[in-house]
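# Observations on the model geometry
Read off the chains here:
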Amino acid sequence: RALGPAELLQEARHHPTPEYRFWHPLTQEVAYQTLLARRRAKLHAAVAEALTEHEANRLDELAAVLAWHWERAGRTLEAARWSMRSGEFAVRSDLTEAQRRWRAAASMLLDFEQTREPLEVAARAHTRLLQFGARTGIDPAEAERLYAQGRALAERLDDIRPLGALVIMAGSVKFWRGDVQGALLRVQEAAQLGDRTEDPDFQTAVRYGLAFVRAYTAPPAEALAATDLVLAAADGDPERGAAFLGYSVLARTRQVRAGILARSGRLPDAAAEVEEALRLARPRTETDTIAWALAVIPHLDWLRGEGDGGLGAATEALRLAEETGNVGALVLALEGVALAHLAAGLPSQAVNACERALAEARERRSGLFEEARLLVHLASARLAGGDFGGARSAADDAVSVARQRGTPTDECPALLARARARRAVREPPDIVAGDLGTALTLASDIGVLTYEPFIREELARVRGDDTELRMALRLFSAIGATGHARRLEADLVS
């Protein structure tokens, strides 16, 4: 009451609780600096304790404020704990801010007493920095430094779980920047650590890490078996494993299964898994999972030859990725946008989306595990737009990248794309048929059955063989690609 009329304070809000602010920042600074350091520290601690007691339903939202007060109070461990929590809250809307908070936590504990709890908090900070650095693009040297530091911290604990979580995220960095085989080695190490504990949360987390990478490196049947182990460990609980990975493992596993089923010739089942992933992830506001699941929808529409191409889903995924700064999700969303434009007969827009996705992935070193597929779609878009030479070049690159990455599930559609481009530039039919034969053998050997009717249709075009075309029609119907089945049926009638 006295400071208000003196124009030192002003009432900022009256209801429901009066709030005051300094009239001028300089007034605040002078008042603050006149306090003795010990008195300041006690006041900061008192504010932090009061906020914790009276704002119990807003602690996630206030975590950054609490971290600031505890740091000014000289209570480093409490500050680091709340800084970690503020990062977990920020990850839903701003990955850059989340990483800033986790770096602050790690920095606070750099020279702190190395007892159990500080070691756990510091190891978790390094784990989160690797996890979301993979999605925003992290320098490989920085990633290795964080991994080495985090591993040294985790290995001082008598608990293998923090180490396992760190190893998974180090594998995630490799995976998102395209080193799929390097990622596989690390998630296999984490899975071995999981075998040494009975903790269901930890086992769920490490099994998911392995299943995620095997979705790209293993035949679909083996990849699905790996996701079955995750679902068994999760036991229907969307919280299981979330303490280690920061998101619902159950929701992410459904989304991963959708991609595997889409390649396995089980398109309706894939669509059901996408719906379940979104049902689980939306109430939790897990934007990474939501964006990825949404990006699968236009891919399924493209494979079915049905629907509006999923542009609405892809656009929502793009918005989420751009709002949060998630480069990996941005790459996936742009891939969905490209497929939606292709389905709508807009090849130039599809080319633009593919080229932007490739540029973002290569420049930021995130989402590169999707490079071969983006090149396949780029080849398709250029072909549809009449750029036959550009389509041939993109398809060549797709085959090369798939083989270099060791991802045969990508090599199959890449060979199909190259065969189509070769036919367009009028290369000899036996050369075109050679690529198609290799793709057909690969599809059969590893079980990527979704691509078989597309390959057989292309073989029919090369050979002028209606029998092969009828086989493609039967296979399209069998996998649930109803739009493509109708299209071929009309071709055969005409």
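Before going into details, it helps to say that this report is about the structure given with it. Residues take numbers from 1 onward in each chain, read along the sequence in its written order. Restriction of local features to residues with pLDDT of at least 70 applies here, the model being predicted, together with a cutoff of 80 or more for giving and counting side-chain atom pairs; totals for whole chains, interfaces and linings are based on all residues. Only heavy atoms go into the side-chain values, all of them from the structure, while hydrogens and water stay out.

## Some thoughts on the environment of L358
The line we're drawing: Only DSSP runs of H or I covering at least 4 residues are called helices, and only runs of E covering at least 2 are called strands; the numbering of each starts at the N terminus. Throughout, a residue-residue contact means that at least one pair of heavy atoms, one from each residue, lies within 4.5 Å.
Tracing the backbone through its elements, the reader meets L358 in helix α18 (residues 347-364). In this structure, the C-alpha to C-alpha distance between L358 and L368, residues 10 residues apart in sequence, is 8.0 Å. What L358 contacts, discounting residues up to four positions off in sequence, is E371, L374, L375 and L378.

## Overview of the packing of aromatic side chains
Pairs of aromatic rings are described using the distance from one ring centre to the other and the angle between the two planes. Stated precisely, the cut-off is as follows: Planes of paired rings set the category: under 30 degrees apart is stacked, over 60 is edge-to-face and the rest tilted, where pairs are Phe, Tyr or Trp rings (Trp by its six-membered ring) whose centres lie within 6.5 Å. For each residue, the accessible area found with a 1.4 Å probe, counting protein chains only, is set against the maximum for its type, and the residue is called buried under 20%, exposed over 50%, and partly exposed in between. Note on criteria: charge over ring means Lys NZ or Arg CZ within 6 Å of the ring centre, with the direction from the centre no more than 35 degrees off the ring normal.
What the rule picks out here adds up to 13 aromatic pairs. Pairing W176 with F369 gives two aromatic rings, centres 5.1 Å apart and planes at 85 degrees, and the pair type is edge-to-face. Of this pair, W176 sits in helix α8 (residues 160-176) while F369 sits in the loop between α18 and α19 (371-384), and the two are 193 residues apart along the sequence. Take W176: its relative accessible area is 0%, and that puts it in the buried class. You can call F369 buried: its relative accessible area is 2%. Between Y208 and F212 the ring centres are 5.9 Å apart and the planes differ by 25 degrees, which places this aromatic pair in the stacked class. Within this pair, Y208 and its partner F212 are both found in helix α10 (residues 200-217), separated by 4 residues, close to a single helical turn. By the burial criterion, Y208 is buried, and F212 matches it. An aromatic cluster of at least three residues, connected via ring pairs, comprises F175, W176, Y208, F212, Y216, Y247, W292 and F369. A cation over a ring is seen here: R40 above Y32, with NZ or CZ 4.9 Å from the ring centre. Its end group placed over the ring of F132, R135 keeps NZ or CZ at 5.5 Å from the ring centre.

## Quick look at helix α20 (residues 388-405)
We apply this condition: Here, expected helix span is obtained from the residue count minus one, scaled by 1.5 Å.
Its 18 residues place the ends of α20 26 Å apart at the C-alpha level, agreeing with the 26 Å of an ideal helix rising 1.5 Å per residue. Next to the buried residues of α20 lie α9 (180-194), α19 and α21 (408-424). Once α20 ends, the next one or two residues include G406, with phi positive near 75 degrees.

## Focus on the pairing of strand β2 (residues 19-22)
We count it as follows: Here the rule is simple: two strands pair whenever DSSP picks up at least two bridges between them.
In this sheet, β2 lies alongside strand β1 (residues 9-13) in antiparallel orientation, the contact comprising 4 bridges. Bridging from a neighbouring strand, R13 pairs with E19 of β2. Between β1 and β2, which pair antiparallel one after the other, the connecting turn spans 5 residues.

## Regarding helix α23 (residues 452-463)
With 12 residues, α23 should cover 16 Å at 1.5 Å per step; its first-to-last C-alpha distance of 16 Å lies within 8% of that length. All of the buried residues in α23 are E452, P453, F454, I455, R456, E457, E458, L459 and A460. Buried residues along α23 sit in contact with α15 (287-304), α21, α22 (429-446), α24 (466-479) and α25 (482-493). Count one or two residues on from α23 and you reach G464, which has phi positive near 65 degrees.

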